[in-house]
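Chain by chain, the residues:
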Amino acid sequence: NPCYNARATAATYYDQEVKMQEQVIRLIYPPQLLDVPIINQLIRRYELTVNILRAQVGPDEGWVDVQLSGTSAAIENAMEWLSSQGIEVQRLAP
């Protein structure tokens, strides 16, 4: 049935486009952003799942290692947004 095959092809393409990815990154905060809810904004803006793996935050500096889960596009856009906010972003693992 040609219609069935077209639907199956479209479904396969859709599944590949929205496949969830994971990326582990380190967020290095400058002092002026330590009290800003950056991770909360990240989750809301990009519909990502964020798993905090480890962190070290002091009064003058801090870093957080997080695992982001979401679409490839959402992860890339989120990382660009973080950089634009003044957060240094380091890729740690895929």
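Residues numbered from 1 in each chain as written. Predicted model: local features only at pLDDT ≥ 70, side-chain atom pairs only at ≥ 80, totals over all residues. Heavy atoms only, no water.

**What about the pattern of salt bridges?**
If you walk through the whole model with that rule in mind, you get three salt bridges. The residue Asp65 makes a salt bridge to Arg26 at a minimum N-O spacing of 2.6 Å. On the criterion of sequence distance, the pair formed by Asp65 in strand β3 (residues 62-70) and Arg26 in strand β1 (residues 21-29) is long-range, its members being 39 residues apart. On the basis of relative accessible area, Asp65 is assigned to the buried category, the value being 1%. Look at Arg26 and you get partly exposed, because its relative accessible area is 22%. Across the pair Glu76 and Arg91 runs a salt bridge, and its minimum N-O distance is 2.8 Å. Here Arg91 lies in strand β4 (residues 88-93) and Glu76 lies in helix α3 (residues 72-84), a separation of 15 residues in the sequence. Taking the relative accessible area as the measure of exposure, Glu76 reaches 35% and is therefore partly exposed. A residue is classified by how much of its surface remains accessible, and Arg91, at 46% relative accessible area, is partly exposed. Linked through salt bridges whose partners overlap, the residues forming this network are Arg26, Arg54 and Asp65. (Salt bridge = Lys/Arg side-chain N within 4 Å of Asp/Glu carboxyl O. Helix = DSSP H or I, 4+ residues; strand = E, 2+ residues; numbered from the N terminus. Buried < 20%, exposed > 50% of the residue type's maximum accessible area, 1.4 Å probe, protein only.)

By themselves, these are just geometric observations and shouldn't be taken as functional.
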